[in-house]
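Fold and contact review
This is what each chain is made of:
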Amino acid sequence: MDPLGLVERCQRGDPEAFRELFRAHRQEVARLALRMLGRSSDLEDIVQEVFLQVHRSLREFRHGARFSTWLYRVTVNVVLMHRRAAKSRPVFGEASESAPAVDHSPFADEQVDRRRRVDAFHRLLDRLSEKKRLVFVLHELEGLPPGEIADIVGSPVLTVRTRLFYARRELLALLAQEPALATLADELASNPSSAPSGDDTAKEPA
Amino acid sequence: MSRDEAREAALRRVVREARSAQPPDIDWSRSEEQLLRATQRAAPQPPRRPTFTVAWAGLAVAAAAALWLVHERSGTRVTIAPPEIVEASEPLRKNADQLPVGSRVEARERELSVDHAKRATWTLAPNSSARLLEKGDRIALRLERGSVLSEVVPNPRPETFVVEAAGTRVAVHGTVFRVALEGSRVIVQVREGTVAVGPIGAVPAFFLKAPAYGDFASDGRSGSIDGRPLGETEQRRAEPTKLPLRPAHSASSAPAASVGDIELPLEPSISDIEAGFSSMVDVTSDCFGRNTVSAEGVQITVRTALSLRIEASGKVSDVDFQPPLAPEVEACAIGSISSVAFAASQQGAKVTRMLELKR
């Protein structure tokens, strides 16, 4: 599907094209929002808000720009606004999403451990500054190159690389404070063969 | 494997695990229907005009804007300058000193902030535009499109910052709030402080205390606050036939019931409070000047918070300065302040303002 063709039809006011655009990109928007937030509550509202913003601003989208980058930028802005608004709202003992569901499959324990580690990782991410967290998520979880991240966040590439470097260093320093991750590091130290092979994406930025 | 290597390996693994996490199942068909309904409700926005067209249009409306401003704001210290079109190219911050009154400010793909030094900063969201109406004692802007987030430094003077959007006027003292034009609605989100909302040219009818979300008709006469529809009483206050509010500083002790059949507002209006405070600032400054001795050429500056309890009847009680002023200054000021009366209301109000006194 040609995203720019869809965008052009949307810009001409074709509601069916907007529906198609939503269907084509809703999953990636939801995934990015989940990775930025670390939890799934409000995810549906956020996706709707993103596409409302897209609908309002689509006329401003310039051809020649990458639609995916533009959509990332809209999503990032909506999620950041949501995070800021959520900080000012009182929290009424929201049930933890990390409560393991009952699972009787042979890999249930491993799944629960993995879930705990991912939750712990998001807690660590939450302790980073907003700017560092954002570039780390876009690079390490979304797999975007620093150049594209620079376009999304409106900063020079060098700044993006610097933020990535410090984000990673802070995460490594904080790792020991999360028992689930400290245990993993201990296991890997005593039994290196359990370390995952390949895919070393958390490299030092060049 | 060393400890550092093990931590790096642990981070790599958990990053990979986090990457594989998928969003939960969402009822996409329901979500899609809701979204399409919402987009249909939104009024269609006019297509963008090329820059040169905007520039000519700006020049063309200059005369009209000037005439309108003179007509609408005669008696105010507004100077009409040729409008300037400011676009969101670098730099994305503008100093308001460089903008003549009447300037149209437009943010395209990025936010654009305008700074009024030590007084306020307003930030246009992408694809928004506003016109600067006043920047003297009061800063006023008219939101033409999109949304504006305003951060206003507290000031003892009344209503130092005003945003107009469609037929609605949003006035504040010191606060952080956002005003957005969404189709035919005016959305007001208050993050800090209190704002007064009402039709342009009428007494403010609605008050939003942070955190609050107001959704108003474009004429500012009806709507809802935090999802609660505004009652008839509140909407009646927004009518051009205003409530016969008792004038401030009347020193009357008439009880609330004497206002007659008209239901009283919950609190005194912000305009009323600010007008009262304005005279209190003058009184306190005068007392401070008369009762403070300073050597030739030495300026003394004191900062204090003045807190008042305004009774339902409009009378002032519990005047307090923190930190306290010199006893003779307080005695002088409190005597005069206690004689000021506000409009009657259902529950009165507690108000605090920072004062800066100089001698």
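Check the entry above for the structure.
Right, let's walk through the structure included here. None of these values were measured; they are calculated from a predicted model.

All names here are of chain B. With antiparallel pairing, the three strands of this open sheet are ordered in space as β19-β18-β20. The sheet is open, and its two borders are formed by β19 (316-322) and β20 (349-358), each paired with just one other strand. This sheet shows a mean twist of 20 degrees between the axes of neighbouring strands, independent of strand direction. In terms of strand pairing, strand β18 (residues 301-310) meets β19 through five bridges, oriented antiparallel. Counterpart to I310 in the pairing with β19 is V316. Here helix α6 (residues 327-337) sits on the sheet in contact with β18 and β19, set at roughly 150 degrees to β19.

This brings us to the interface of chain A and chain B. Reports often express the size of an interface as the amount of accessible area lost when the parts come together. Listed by partner, the interface residues are 52 residues for chain A and 43 residues for chain B. For the pairing of chain A and chain B, the buried interface totals around 4800 Å² over both sides, and the portion due to carbon and sulfur atoms is 59%. Inspection of the region where chain A meets chain B yields nine salt bridges. A salt bridge links A:R56 to B:E182, with the nearest nitrogen and oxygen atoms 3.9 Å apart. Linking chain A to chain B there are 14 residue pairs in polar contact (both at pLDDT 80 or more). Of all the elements, helix α2 (residues 15-37) of chain A adds the most residues to the side of chain A that touches chain B, at 10 residues. A class-by-class count of the residues in the side of chain A that touches chain B yields 26 nonpolar, nine polar and 17 charged.

Residues and elements named next belong to chain B. By secondary structure assignment, the location of R169 is in strand β10 (residues 168-172). Of the residues examined, R169 reaches a relative accessible area of 16% and is grouped as buried. Among residues more than four places away in sequence, those in contact with R169 are R138, E159, V162, V163, E164, A196, V197, G198, P199 and I200.

Right, let's get into helix α3 (residues 43-57) of chain A. The terminal C-alpha atoms of α3(A) lie 21 Å apart, and with 15 residues this matches the ideal 21 Å at 1.5 Å per residue to within 8%. All buried positions along α3(A) are accounted for by A:L43, A:E44, A:I46, A:V47, A:Q48, A:V50, A:F51, A:L52, A:V54 and A:S57.

Here the focus is the environment of B:A305. Residue and element names in this part refer to chain B. The residue A305 is located in strand β18 in this model. Exposure remark for A305: the relative accessible area of 12% places this residue in the buried category. Separated by 49 residues in the primary sequence, A305 and M354 have C-alpha atoms spaced 4.3 Å apart. Setting aside anything within four residues of it in sequence, one finds A305 in contact with D320, F321, Q322, T352, R353 and M354.

What follows is about the pattern of salt bridges. What the rule picks out here adds up to 28 salt bridges over all chains. For B:R3, the salt bridge identified is with A:D186, shortest N-O distance 3.1 Å. One end of the pair, B:R3, is in helix α1 (residues 3-20); the other, A:D186, is in helix α9 (residues 179-190), on a second chain. Judged by its relative accessible area of 59%, B:R3 is exposed.

Here we take up the packing of aromatic side chains. Evaluation of the coordinates by the stated rule reveals six aromatic pairs over all chains. Measuring from centroid to centroid gives 6.3 Å for B:F161 and B:F177, while their planes differ by 85 degrees, and the two rings are edge-to-face. Taken together, the residues B:F161 in strand β9 (residues 161-165) and B:F177 in strand β11 (residues 176-182) connect sequence positions 16 residues apart. Residue B:F161 shares its accessibility class with B:F177, and that shared class is buried. Taken together, A:F22, A:F51 and B:W28 form an aromatic cluster joined through their ring pairs.

Conventions and cut-offs
Within every chain, residues take consecutive numbers counted from 1 along the sequence as written. Note on labels: chains are lettered from A, ligands numbered from 1, in written order. Per-residue local features of the predicted model are confined to residues with pLDDT of at least 70, and side-chain atom pairs are confined, for both listing and counting, to 80 or more; whole-chain, interface and lining totals are unaffected and use all residues. Based on all heavy atoms of the structure, the side-chain values leave hydrogens and waters out of the count. Two strands are counted as paired when DSSP detects at least two bridges linking them. Helix and strand labels come from DSSP, where a helix needs a run of H or I of at least four residues and a strand needs a run of E of at least two; each type is numbered from the N terminus. Only the contacting stretch of a helix is used when fitting its axis, a line to C-alpha atoms as for every element, and angles between N-to-C directions run 0 to 180 degrees. What makes two residues a contact is simply this: any of their non-hydrogen atoms within 4.5 Å. Summed over both partners, the accessible area lost on bringing two parts together, with a 1.4 Å probe, is the buried area. In the sections that follow, a salt bridge refers to a side-chain nitrogen of Lys or Arg positioned within 4 Å of a carboxyl oxygen of Asp or Glu. Polar contact criterion, stated in full: a pair of N or O atoms within 3.5 Å, where within protein one must be able to donate a hydrogen and the other to accept it, and residues adjacent in sequence count only if both atoms are side-chain atoms. Each residue gets one label: Ala, Val, Leu, Ile, Met, Phe, Trp, Tyr, Cys and Pro are nonpolar, Asp, Glu, Lys and Arg are charged, and the others, such as Gly, are polar. A 1.4 Å probe rolled over the protein chains alone gives each residue an accessible area, and that area as a share of the maximum for its type sets the label: buried under 20%, exposed over 50%, partly exposed in between. One fewer than the residue count of a helix, multiplied by 1.5 Å, yields its expected span. The aromatic pairing rule takes the rings of Phe, Tyr and Trp, using the six-membered ring of Trp, and pairs them if the centres are within 6.5 Å, calling planes under 30 degrees apart stacked, those over 60 edge-to-face and the rest tilted.

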